[in-house]
Amino acid sequence: MSLHAIRPWRQIDRRKSRQIMVGNVPVGGDAPITVQTMTNTLTTNVAATVAQVQAAADAGADIVRVSVPDEASSKALKQIVRESPVPIVADIHFHYKRGIEAAEAGAACLRINPGNIGSADRVREVIKAARDHGCSIRIGVNAGSLEKHLLEKYGEPCPEAMIESGLDHIRILQDNDFHEFKISCKASDVFLAAAAYQGLAEATDAPIHLGITEAGGLTSGTIKSAIGLGNLLWMGIGDTIRVSLSADPVEEVKVGYEILKSLGLRHRGVNVISCPSCARQGFDVIKTVEILEKRLEHIKTPMSLSIIGCVVNGPGEALMTDVGFTGGGNGRGMVYLAGARSHAMDNDRMIDHIVEQVERKAAEIEAAQATEATAAE
């Protein structure tokens, strides 16, 4: 029986969208919501850019965007694409020729900003290059770079202007019989972005790329993104996401996954449930969680771990997790496995022991999945 049948309040009905391909990654339809990030190295520094792409992929990124601001970057892109473990989206601004060059270099997708790429004729040339080289396209509407005529019409960036911009450029692609596209309508203002995305979701069946642009630093940007993206995802809107942070791209990937994990939309790695700690704690919860998160980064199998300082909520939280530890007294706590009390453990041995238990459980889950897959063949 589905968990949603037991707990209908957890149900999220995803908006029905067309599915496209970004390289070998499906986006939209019934495909998992993908997590994207963007490199911040100089694209011409191929080694540094590839290293950053690899680090993002290791953290779970499904797709990585790379800026292509000049001809030298277009040339470097070809090698980056060749060495990348994930599909590369070429970020194109101001010069349509960069889009053509990126398609020729093997980019899986071209991100074009309709407000600054030029005339409809130039957009058509980019469309032809995308078609000829098997690229998809993301129409990237941004509140900060709307077309002049829309700003004059509406007086300021607003949801209606952003939606109209997006639909105008969808029409250009469709008029050229090009349908392998997704669309975004980003703003740094959470209210503006959310309203624009809701209107766009009603107006098109194209896959939607979510983002709160220029969200800020690691803490403030995470909060803004969690509010904006979280509410839209909860409404069923969104097929791929990027968390925009003034931070390492790996942090963007981590935050993106945590947002999806919190809504039950995507699962990867260990979901740690831990208390903020208080005077009742039987061990140093904050330090323990910090160490465990680092030591468990290599676990990719979806599973849950509860680390609770005392017996007020510890046993209850452990009932819902694969592995748990609840603080007790006299330097000892209780280990829970599959929701049941298992054995006591000294606090000074607890971290190594918990890591061992999580690794063992992950191996069990992977073995069971492999058996199921073999039986289904």
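Above: the structure in question.
Everything in this summary refers to the structure shown in the same document. Residue numbering note: each chain is counted from 1, following its sequence as written. Thresholds applied to this predicted model are a pLDDT of at least 70 for local features of residues and 80 or more for the giving and counting of side-chain atom pairs; totals over whole chains, interfaces and linings are not thresholded and use all residues. The side-chain values count all of the structure's non-hydrogen atoms but skip hydrogen atoms and water molecules.

The next subject is the overall build of the protein. Of regular secondary structure, the protein possesses 13 helices and 15 strands. Two things to know: the radius of gyration comes from C-alpha atoms, and the globule rule equals 2.2 Å times the number of residues to the power 0.38. By the compact-globule yardstick of 21 Å for 377 residues, the protein fits well, its C-alpha radius of gyration being 23 Å. Taking the principal axes of the C-alpha coordinates as reference, the protein spans close to 75 × 45 × 40 Å. Split into buried and exposed, the 377 residues of the protein put 51% on the buried side. Taking the contacts inside the protein whose residues are at least 6 apart along the sequence as the reference set, 62% of them involve residues at least 24 apart. Accessible surface is estimated by sampling points in the Shrake-Rupley manner with a 1.4 Å probe; for residues, cover comes only from the protein chains shown. A total of about 17,400 Å² of accessible surface is found on the protein, and carbon and sulfur atoms cover 52% of it. Only four residue types enter the charge count, namely Lys and Arg as positive and Asp and Glu as negative; His and the chain termini do not. All charge positions are set by atom: Lys at NZ, Arg at CZ, Asp at CG, Glu at CD. Computing the positive centroid from 39 side-chain charges and the negative centroid from 46, the protein places the two 1 Å apart. In DSSP terms, a helix is any run of H or I states spanning at least four residues, a strand is any run of E spanning at least two, and both are numbered starting from the N terminus. Burial classes follow relative accessibility: with a 1.4 Å probe on protein chains only, a residue under 20% of its type's maximum area counts as buried, one over 50% as exposed, and anything between as partly exposed. In this description, contact between two residues means that some pair of their heavy atoms is separated by no more than 4.5 Å.

A word on the environment of Leu218. As for its position among the elements, Leu218 is in helix H9 (residues 218-234). Along the backbone, Leu218 and Gln198 are 20 residues apart, and their C-alpha atoms lie at a distance of 26 Å.

Take H9 next. What a helix is expected to span follows from its residue count: subtract one and scale by 1.5 Å. Look at H9: 22 Å from first C-alpha to last across 17 residues, which is about the 24 Å you get at 1.5 Å a residue. For H9, the set of buried residues is Gly221, Ser225, Gly228, Leu229, Gly230, Leu232 and Leu233. Those residues of H9 hidden inside the fold are in contact with helix H8 (190-203), strand E9 (209-210), strand E10 (240-242) and helix H10 (249-262). Trailing H9 by a residue or two, Gly236 shows a phi angle of about 90°, which is positive.

This part is about the sheet that holds strand E5 (residues 88-92). An order of E8-E7-E6-E5-E4-E3-E10-E9 is seen for the eight strands of this open sheet, with the pairing classed as parallel. Edge positions in the open sheet fall to strand E8 (181-186) and E9, since each of these has one partner strand only. A pair of strands counts as paired when DSSP detects no fewer than two bridges linking them. Where strand E6 (residues 109-112) and strand E7 (residues 136-142) come together, four bridges link them in parallel fashion. Bridge pairing in E7 places Leu110 opposite Ile137. Most of the contacts of H10 go to strand E3 (residues 34-38), to which it runs at about 160°, and overall it touches E3 and E10. Convention adopted: a line fitted to C-alpha atoms gives each axis, helices being fitted over their contacting stretch, and angles between N-to-C directions are expressed from 0 to 180 degrees.

To continue, consider H10. Between the first and last C-alpha of H10 there are 20 Å, a value that for 14 residues agrees with the 20 Å anticipated at 1.5 Å per step. Of all 14 residues in H10, ten are buried, a share of seventy percent or more. Within H10, burial applies to Pro249, Val250, Glu252, Val253, Val255, Gly256, Tyr257, Ile259, Leu260 and Lys261. Where H10 is buried, its residues touch E3, helix H2 (46-59), H9, E10 and strand E11 (270-274). We call two N or O atoms a polar contact when they sit within 3.5 Å, provided that within protein one can donate a hydrogen and the other can accept it, with sequence-adjacent residues counted only if both atoms are side-chain atoms. Its side-chain oxygen at 2.8 Å from the backbone nitrogen of Val250, Asp248 defines the N-terminal cap of H10. Looking at the residues trailing H10, positive phi occurs at Gly264, about 70°.

On to the side chain of Lys182, then. Along the polypeptide, Lys182 turns up in strand E8. If near-sequence neighbours (up to four positions away) are discounted, Lys182 is found in contact with Ile20, Val22, Val27, Gln36, Cys109, Ile137, Arg138, Ile139, Pro207, His209 and Thr240.

Once that is clear, we can look at the pattern of salt bridges. Salt bridges are defined by distance alone: a side-chain nitrogen of Lys or Arg within 4 Å of a carboxyl oxygen of Asp or Glu. Applying the stated rule across the entire model yields 18 salt bridges. Its salt-bridge partner being Asp205, residue Arg18 comes within 3.2 Å of it at the nearest N-O pair. Of this pair, Arg18 sits in the loop between helix H1 (3-6) and strand E1 (20-22) while Asp205 is found in the loop between H8 and E9, placing the two residues 187 residues apart along the sequence. On the basis of relative accessibility, which here comes to 39%, the residue Asp205 falls in the partly exposed class. Here Lys254 ties to Glu297 by a salt bridge, and the two come within 3.2 Å at their closest N and O atoms. Taken together, the residues Lys254 in helix H10 and Glu297 in the loop between helix H11 (285-295) and strand E12 (303-308) connect sequence positions 43 residues apart. Its relative accessible area of 40% is what places Glu297 among the partly exposed residues.

Moving on, we come to unusual backbone geometry. The residue Asp177 is not glycine, and still its phi comes out positive at about 55°. Take Asp177: it is sitting in the loop between helix H7 (159-175) and E8. The exposed category is assigned to Asp177, whose relative accessible area is 55%. At Ala338, a position not held by glycine, the phi torsion is positive, near 55°. Structurally, Ala338 is set in the loop between strand E14 (332-337) and strand E15 (340-346). With a relative accessible area of 59%, Ala338 lands in the exposed category.

Bringing the sheet that holds E12 into the picture now. The sheet built from five strands is open, its strands ordered E11-E12-E13-E14-E15 with mixed pairing. Pairing within the sheet leaves two strands with one partner each, and these edge strands are E11 and E15. Between one strand axis and the next, the sheet turns by 20° as a mean value, whatever way the strands run. Pairing analysis gives four bridges linking E12 to strand E13 (residues 323-327), with the strands arranged parallel. Directly across from Ser306, in E13, lies its bridge partner Gly324. Sheet strands in contact with helix H13 (residues 347-376) are E11, E12, E13, E14 and E15, and its direction is about 140° off that of E15.

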